Each structure stands twice: as structure tokens, then as C-alpha cells.
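# Inside the fold
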Amino acid sequence: MVWMYIGIIMIMRVVQSVFSKKSADKMPQNMIGYLKYTAVYQGVAALSAGVLLLAEIIGGKSLTGIGETTLYAGLSGAALAIYCMCTIYCLETGTMVLNSVFSTAGLLIPTVASIFLFGETLAWYKWLAVAIFMVGAYLLIGNSKHIYGKFKLSTLVVLLLTLTTNGVTMLLQKLFGERVEGGSVSLFSFATFASGVLFVLVILAVAYAAYRFGGKNETAEKSGENTFTIFPKENESLKIGGGLLIYGAVLGIALFVINQLATMSAPLISAVALFATINGGATVISAIVGWLMFNEKSGYKSIIGITLSVGSLILLQV
């Protein structure tokens, strides 16, 4: 059953990759617009989970461990919001390649934590597989993206936050699955995305107030290199177009399915096998989708990267 879940997750990763790339050209190039877009797709994910939760309640399912579920989900929502802010910083400073690598490295947190919390064992060759995957992921990501600007201490702090928040999100899925016996995964998903939307809306309200009271794009004015800015540029609309709303809705549904099935899979398989496959595999899928559907160029780094990544993922299942 768990491999069926993972198979569906990987299909959703394809959907996620396609629509993420389609939305790239329409994506708001400022923090306020990005936050609004984030609220849209997380809101759709919360709505999807809410519909399933309502169906379960109507069907007579009793909700157990509500307090513990809400606690784990609330922390997960907060981690999602912080991760969103880290992504905004990396978009604004042009360090998205490092953001992607550190985000992927977040799988180390549930992997290590599961050894101590749940007694999972990890053979030496699986640690080697994780290291090989990191190298492969870096080559894949680095093939199509560039790093702009100077590397500062603040950048390192944000990247470590990226690793931590993504890793904590995965760990909380594992904790819920292992600790809340008979808990509703739909409730966990709904509370996660609903709290995430709430945190994002609070940040959005603060950013919008700062903008209305004369906020300026100081970083952009100084460097002139990055297209992504904190506040909208002159004459830039704050509205999100209809096409982007559709893409956001599709991504929201895909996000819900991925979160739902990953949480259901967490107690059934080791953390390293699960999260390396569904999160690390997303990097490989993104590269393949780019080559096949969006005419993204591939080079020797891509070939080496995908070979290392696929090989390491296979090794993790042994």
C-alpha cells in the first residue's frame, strides 16, 4: 500500500513541476504578490483537506487526539510560513540554487531524529546514498540556475532556516503518524494548511501596511540586478491574474494530495526511504519535465546529476 501512495505522490510531483514551471512567467516579482499567491494555493490545499475531513465526519469517523494533532499541525503551518519567507529572501537576493539544495538537505532532520525517536536503523551505505544524492541534486539544480550577489552571513542564516523548516515539516508528519494513534490525517492536513495560510496572511498584512506607508525597494535600487523586489515596482499591479489563479488551484490540490499521502506513509516506512524518495525525487522529476516539456537545455552536469540522484534513491530502498 505504501508504494501505491508513493507512486501517486510522484505523479503529483509531475503535476506540481509542470504547473510550477507554467506559473513561473506569471508569478508576481515582489514579496506582496508572492505572499498572495502562496495564500491562494495553500488556501486551496486547506479547502481540499477540509472537504475530505467533513466527509469523514459525516461518514461517522470519530476524531481522536485532536489536541495533539492540532499542536503538530500548527507547528507544521508555522514552519511552512517561515519557509515561505526564506524563499522570498532567496528570490530577492538571487540565491535560489542554494535554497533548493538546503531545502533538499532538510531530509537529514527526520532521518537522524527517527533513529533516536523511533529506533530506526540506517546502514552506512544509506548514509553514503544520501551524500551521493546531495551531490546529484546540486548538479541538477546548478545546471539551470545561477547565484547572484555576495554571500553574506544573513544568507547563511536564512539557508539554515530553510533546511530546518523543511526538515521540521517532514519530521512533524512522521511524529503525527507515529504518535497520534488513529488520528485523522485529513484533520492534520487541514490544520497544517489553515494555520499556514493564517501565518502568511499576517505577514502579508504587515508587508502591505509597510508598502502603503511608503516602503521602498532599497535592495533593488542599490543593486539593480535582481528582478524580484520586496514591494511592487512602479506601476506594477497587485492583482493576481486568472491564469495564475488556476495554476495556483491545481498546485494547491497537488500539495494537499502529497501531504495527505506522505503523512499516511510516514509510519509505514523509514524516514530516509520516504522523504528522500518523495522530496529528492521531485528534483529529478523537475529536471526531466524541463527537458521534455519546456525545452530546457541539458548538459553533462545534468546527466551526471540525474544518474547520481536516481542511483542513490535506488540504493536507499535496498
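Everything in this summary refers to the structure shown in the same document. (Residues numbered from 1 in each chain as written. Predicted model: local features only at pLDDT ≥ 70, side-chain atom pairs only at ≥ 80, totals over all residues. Heavy atoms only, no water.)

Another aspect to go through is the overall build of the protein. A tally of helices and strands in the protein yields 12 helices and zero strands. A buried classification covers 49% of the 318 residues belonging to the protein. As displayed, the protein offers around 14900 Å² of accessible surface, 69% of which is attributable to carbon and sulfur atoms. (Helix = DSSP H or I, 4+ residues; strand = E, 2+ residues; numbered from the N terminus. Buried < 20%, exposed > 50% of the residue type's maximum accessible area, 1.4 Å probe, protein only. Areas by Shrake-Rupley, 256 points an atom, 1.4 Å probe, with all protein chains shown as cover.)

Mapped onto the elements of the fold, N259 is located in helix α10 (residues 242-265). On the accessibility criterion, N259 (8% relative accessible area) is buried.

We now examine the environment of I66. Looking at where I66 falls in the secondary structure, it is placed in helix α3 (residues 66-93). Residue I66 is classed as partly exposed on the basis of its relative accessible area, which comes to 42%. Taking the C-alpha atoms as reference, I66 lies 8.4 Å from S184; in sequence the two are 118 residues apart.

Below, the discussion takes up the packing of aromatic side chains. Within a pair of aromatic rings, the relevant descriptors are the distance that separates the centres and the angle that separates the planes. Here the structure, examined in full by the defined rule, presents six aromatic pairs. When the centroid spacing of 5.6 Å and the interplanar angle of 65° are considered together, the rings of Y37 and Y41 count as edge-to-face. A residue pair is termed a helical-turn pair when its members lie 3 or 4 positions apart in one helix, as Y37 and Y41 do in helix α2 (residues 31-58) at four residues. Of the residues examined, Y37 reaches a relative accessible area of 2% and is grouped as buried. (Phe/Tyr/Trp six-rings, centres within 6.5 Å; stacked < 30°, edge-to-face > 60°.)

Right, let's talk about helix α8 (residues 185-212) for a bit. An ideal rise of 1.5 Å per residue puts 40 Å on 28 residues; α8 measures up with 40 Å between its terminal C-alpha atoms. Following α8 by one or two positions, G214 has its phi on the positive side, about 95°. (Expected span 1.5 Å × (residues − 1).)

Further remarks concern the pattern of salt bridges. Inspection of the entire model under this criterion finds two salt bridges. As a salt-bridge pair, E120 and K174 come within 2.8 Å of each other at their nearest N and O atoms. One end of the pair, E120, is in the loop between α5 (108-117) and α6 (124-144); the other, K174, is in helix α7 (residues 153-179), and 54 residues separate them in sequence. Residue K174 pairs with E178 through a salt bridge whose shortest N-O separation is 3.5 Å. Note that K174 and E178 are positioned in helix α7 at a spacing of four residues, about one turn of the helix. (Salt bridge = Lys/Arg side-chain N within 4 Å of Asp/Glu carboxyl O.)

Another aspect to go through is the nonpolar core. Among the nonpolar cores identified, the biggest contains 38 residues, and I6, I9, L107, L274, F275 and I278 are the most heavily contacted of them. Of all the secondary structure elements, the ones that give two or more residues to this core are α1 (2-24), α2, α6, α7, α10 and α11 (271-293). Per-element accounting of this core gives the leading share, nine residues, to α11. Apart from the residues lying within four places of it in its own chain, the contact partners of I9 are I258, L261, A262 and I278. (Core = buried A, V, L, I, M, F, W, Y, C linked by side-chain atoms within 4.5 Å. Contact = heavy atoms within 4.5 Å.)

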